[in-house]
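# Coordinates in review
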Amino acid sequence: MFRSFFLDARWRLWSWAGTVIIILATWYQVQIDLEVNEWFGQFYNAIQDALADPGSVTERELLMHLLTFARISAVYIAVMASLEFLLRHYVFRWRTAMHEYYTKHWSKVRHIEGASQRIQEDTMRFAQIIERLGVSLLRSVMTFLMFQPLLWELSKKINQVPFIGHVDHVLIYTAILTSVIGTVLLALVGVKLPGLEFNNQKAEAALRKELVLGEDDNSRADPKTMKELFRHVRENYVAMYRHYLYFDTTKWSYLQLSSIVPYVVLAPTLVSGAITLGIMQQVLRAFKRVEGSLHYLIRSWSTIVELMSVFKRLNGFEKEIKRSNTLSSEAEQYAC
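Only a predicted model underlies this, so the values are computations on that prediction, with no experimental measurement involved.

### Brief notes about the overall build of the protein
Scanning the protein from N- to C-terminus turns up ten helices and two strands. Along the protein, helices and strands appear, N-terminal first, in the series α-α-α-α-α-β-β-α-α-α-α-α. For 336 residues, the compact-globule formula gives about 20 Å, and the C-alpha radius of gyration of the protein, at 27 Å, lies well above that figure. Judged by the C-alpha coordinates and their principal axes, the protein covers about 90 × 45 × 40 Å. A burial count over the protein gives 41% of its 336 residues as buried. In the form shown here, the protein has an accessible surface area of approximately 19,100 Å², with 63% of it arising from carbon and sulfur atoms. If the 37 positive side-chain charges of the protein are averaged to one point and the 32 negative ones to another, these points end up 5 Å apart.

Written out as structure tokens, the structure reads:
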């Protein structure tokens, strides 16, 4: 899954140079986000001044703020479009590398259940999921590293918490604490999902294989067999849907509750008038970025479950290839 792309000389330009470009582009995206956060503070302060003292801010000044945002957005759009274009090619090259490796050893793995699906579909899904999760993780880490100092600086004036009292830099601790609680909670609720997803893929593969065999053999894919195979598929889906109901209810409840946490923490500061509207927008946006970066596992858990299932299936391929190579080596030594 990895050696065929990152250690094969034919793919080094795409695998290593492509990875470096993706990292740099992601870093630049976060830098743009920091610039946008600064713009929000200036823009909302101008709005507050205009509302509090009519005539103190001219129409031209407000339009210039919007023009600045348009300039930042244009750069962001160009970077995002270019990155997405690169990522699509990157994923397809990775899939190609795996496809060529597995087809080269087809004679050793063709007997494995769902072998054709694993080469045709799972290689594509694996590359896509790894890319999506990898870029998301990279962005989360960079966002936390860049926004955490900003939130620390912005929250100097925010040190009063309802029912608790004085706590310095409380927003940083709140973001970390709520994220850890949510991650642990969802990990506990969704602990059975990887196994169910893997079983689902096995049941689907068995059904698909029988249908393919039935295209050329009238004795295969008879109604009784198909009914039994589909019963396994249905039972697994029902169990998986039930667990996803628990998981999704917990996830969305947590995300909705966490969205009002910064307002609760800010309540004493807002009532006292210690910060301006612009600073409040900067603080809220920085808090959401820091907290959101720590929500990586929460937002990606369903995708991680899917990846674990695909990994198990492809790993079965690689174990069989390794076993066959070992047997061949032993046979050659015995013959000698």
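### Focus on the side chain of Ser179
Note on placement: Ser179 falls in helix 6 (residues 170-189). Given a relative accessible area of 2%, Ser179 falls into the buried group. Excluding anything up to four places from it in sequence, Ser179 contacts Tyr254, Glu291, Leu294, His295 and Ile298.

### Details of the UniProt feature "transmembrane region" (unreviewed entry) in the protein
UniProt records the feature "transmembrane region" (unreviewed entry) at residues 12-30, 62-87, 171-191 and 260-284, using the numbering of this structure. Taken as a whole, residues 12-30 contains 100% helix and 0% strand, while its terminal C-alpha atoms sit 27 Å from one another. Here residues 260-284 runs as 84% helix and 0% strand, with 10 Å between its end C-alpha atoms.

### Some remarks on the packing of aromatic side chains
If you walk through the whole model with that rule in mind, you get 19 aromatic pairs. Ring geometry for Phe40 versus Tyr44: centroids 5.9 Å apart, planes at 10°, classification stacked. With Phe40 and Tyr44 both in helix 2 (residues 12-52), this residue pair falls four residues apart, about one helical turn. With a centroid separation of 5.7 Å and 80° between ring planes, the pair formed by Phe43 and Tyr44 is classed as edge-to-face. Phe43 gets classed as buried once you look at its relative accessible area, which sits at 13%. One aromatic cluster is present, formed by Phe2, Phe5, Phe6, Trp11, Trp16, Tyr90, Trp94 and Phe126 through successive ring pairs.

### Concerning the pattern of salt bridges
Evaluated as defined, the whole model comprises eight salt bridges. A salt bridge links Glu35 to Arg71, with the nearest nitrogen and oxygen atoms 3.3 Å apart. Taken together, the positions of Glu35 in helix 2 and Arg71 in helix 3 (residues 59-104) put the pair 36 residues apart, joining distant regions of the chain. Using a relative accessible area of 36% as the deciding quantity, one classes Glu35 as partly exposed. Of the charged contacts in the structure, one is a salt bridge between Glu228 and Arg231, with a shortest N-O distance of 2.4 Å. Highlighted residues: Glu228 and Arg231, both in helix 8 (residues 223-272), separated by three residues, approximately one helical turn. Taking the relative accessible area as the measure of exposure, Arg231 reaches 27% and is therefore partly exposed.

### A short note on helix 6
In this model, helix 6 (20 residues) spans 28 Å end to end at C-alpha, consistent with the 28 Å of a helix rising 1.5 Å per residue. Here helix 6 has its buried residues at Val170, Leu171, Ile172, Thr174, Ala175, Thr178, Ser179, Gly182, Thr183 and Leu186.

### Let's talk about the nonpolar core
With 32 residues, the main nonpolar core has Trp94, Met98, Tyr102 and Phe126 as its most contacted residues. Those elements giving two or more residues to this core turn out to be helix 1 (3-6), helix 2, helix 3, helix 5 (115-154) and helix 10 (296-335). When residues of this core are assigned to their parent elements, the largest contribution, nine residues, is made by helix 3. Sequence-distant contacts of Trp94, defined by excluding residues within four places in its chain, comprise Met1, Phe2, Phe5, Phe6, Phe126, Ala127 and Ile130. Residues Met142, Met146, Ile275 and Val283 belong to the second largest nonpolar core, which totals 21 residues.

### Focus: the environment of Phe247
Of note, Phe247 is situated in helix 8. Given a relative accessible area of 0%, Phe247 falls into the buried group. In contact with Phe247, other than residues within four places in its own chain, are Leu186, Val189, Gly190, Leu193, Trp301 and Ser302.

Cut-off values and rules
- Residues numbered from 1 in each chain as written.
- Predicted model: local features only at pLDDT ≥ 70, side-chain atom pairs only at ≥ 80, totals over all residues.
- Heavy atoms only, no water.
- Helix = DSSP H or I, 4+ residues; strand = E, 2+ residues; numbered from the N terminus.
- Rg over C-alpha atoms; globule rule 2.2 N^0.38 Å.
- Buried < 20%, exposed > 50% of the residue type's maximum accessible area, 1.4 Å probe, protein only.
- Areas by Shrake-Rupley, 256 points an atom, 1.4 Å probe, with all protein chains shown as cover.
- Lys, Arg positive; Asp, Glu negative; His and termini not counted.
- Charge placed at Lys NZ, Arg CZ, Asp CG, Glu CD.
- Contact = heavy atoms within 4.5 Å.
- UniProt positions renumbered as here; feature names shortened; annotations may be inferred.
- Phe/Tyr/Trp six-rings, centres within 6.5 Å; stacked < 30°, edge-to-face > 60°.
- Salt bridge = Lys/Arg side-chain N within 4 Å of Asp/Glu carboxyl O.
- Expected span 1.5 Å × (residues − 1).
- Core = buried A, V, L, I, M, F, W, Y, C linked by side-chain atoms within 4.5 Å.

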